[in-house]
Amino acid sequence: MSRVLIGTLVAMDDEVDRLIEAWRRERPDLDVAPMEVLSRVSRLARHLDRARSQAFDAHELESWEFDVLAALRRAGTPYRLSPGKLLKETLVTSGTMTNRVDRLAARGLVERLPDPNDRRGVLVQLTPAGRDKVDAAMAGLLAHERTLLGGLSDRDQQQIARALRELVRPFENH
């Protein structure tokens, strides 16, 4: 790995630097500058998915299970949502959500209840066991993520969060 002196910091080349260098060599006619950010975001997302999976393994949860349980937990008391609202919270299809709710219900982590406002509708509610499971997993995840961010100052974390918010904004449907 080569080192590049930037002010008082020393930056180490990473895999993206090597990819960009190769593309610039092979296709000097292309502006590969977007790869400087987006390839790193993509690679980071894969690394973070693996790290999150490890954090959830300690609580016997899959990432998708955590996503559904966390959406219900964030809803507040009584920790229930319609399947449609769960779809919006977790960005999956209705068939996928039905399968996920079935599997979580079989584990005793959620239950289906009739919707009092719609005789044909149902609500998905977190059980006490599901609440305990997601609360423990969330605490474990945050401890793990604090470790991952340990090399960054609070200021750096805030700057990265602001920049990523701007990058994500066009994809969000709010």
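Cut-off values and rules
Residues numbered from 1 in each chain as written. Predicted model: local features only at pLDDT ≥ 70, side-chain atom pairs only at ≥ 80, totals over all residues. Heavy atoms only, no water. 1 Å grid on protein atoms, 1.4 Å probe; cavity = no way out; pocket = protein on both sides within 12 Å on 5 of 7 lines; lining within 4 Å. Points joined across faces, edges and corners; volume = space filled by probe spheres on them. Helix = DSSP H or I, 4+ residues; strand = E, 2+ residues; numbered from the N terminus. Nonpolar A, V, L, I, M, F, W, Y, C, P; charged D, E, K, R; others polar. Salt bridge = Lys/Arg side-chain N within 4 Å of Asp/Glu carboxyl O. Expected span 1.5 Å × (residues − 1). Polar contact = N/O pair within 3.5 Å; in protein donor to acceptor, adjacent residues only side chain to side chain. Axes fitted to C-alpha atoms, helices over the stretch in contact; angles between N-to-C directions. Parallel < 35°, antiparallel > 145°, perpendicular 65-115°, else oblique. Contact = heavy atoms within 4.5 Å. Buried < 20%, exposed > 50% of the residue type's maximum accessible area, 1.4 Å probe, protein only. Pairing = 2+ DSSP bridges.

**Describing the layout of surface pockets**
- The computed volume of the largest pocket comes to approximately 1300 Å³.
- Taken together, 27 residues line the largest pocket, and the ones lying closest to its centre are L44, L48, L149, I160 and L164.
- It is helix α2 (residues 33-57) that contributes the most residues to the lining of the largest pocket, 11 residues altogether.
- For the lining of the largest pocket, the class distribution of residues is 16 nonpolar, four polar and seven charged.

**Things to note about the pattern of salt bridges**
- Per the counting criterion, the structure on display carries 16 salt bridges.
- Between E15 and R18 there is a salt bridge; the shortest N-O distance is 3.3 Å. Of this pair, E15 and R18 are both found in helix α1 (residues 15-26), three residues apart, which corresponds to roughly one turn of the helix.
- Taking the shortest distance from any N to any O, the salt bridge between D17 and R40 comes out at 2.7 Å. Of this pair, D17 sits in helix α1 while R40 is found in helix α2, placing the two residues 23 residues apart along the sequence.

**Points about α1**
- The end-to-end C-alpha separation of α1 is 17 Å, in line with the 16 Å expected for 12 residues at 1.5 Å each.
- Between the side-chain oxygen at the start of α1 and the backbone nitrogen of V16 there is a gap of 3.2 Å, and the oxygen is on D14.

**Structural notes on the packing of helix α3 (residues 63-74) against helix α6 (residues 128-148)**
- Remark: α3 packs on α6, axes separated minimally by 10 Å, with the N-to-C direction vectors making an angle of 105°. Taken together, the axes of α3 and α6 lie roughly perpendicular to each other. Taking contact as the criterion, the partners of F66, L69, A70 and R73 in α3 are, on α6, G130, R131, K133, V134, D135, A137, M138 and L141.
- Residues of the contact of α3 with α6, tallied by class, amount to seven nonpolar, one polar and four charged.

**Focus on α2**
- Taking 1.5 Å per residue as the helical rise, α2 with its 25 residues ought to reach 36 Å, and the 37 Å between its terminal C-alpha atoms agrees with that figure.
- Among the residues of α2, S39, A51, A55 and F56 are the ones counted as buried.
- Next to the buried residues of α2 lie α1, α3 and α6.

**Considerations on the pairing of strand β5 (residues 118-126)**
- Direction of pairing for strand β3 (residues 80-81) relative to β5: antiparallel, over a ladder of two bridges. For R80, the partnering residue across the bridge sits in β5 and is Q125.
- Bridge count between strand β4 (residues 110-115) and β5: six bridges; the pairing is antiparallel. By the bridge assignment, P114 is partnered in β5 with V122.

**Looking at the sheet that holds β3**
- Taken in spatial order, the three strands of this open sheet run β3-β5-β4, and their pairing is antiparallel. Both outer strands of the open sheet, β3 and β4, are each paired with one neighbouring strand and no more.
- The sheet strands contacting α3 are β3, β4 and β5, and the helix crosses β5 at an angle near 105°.

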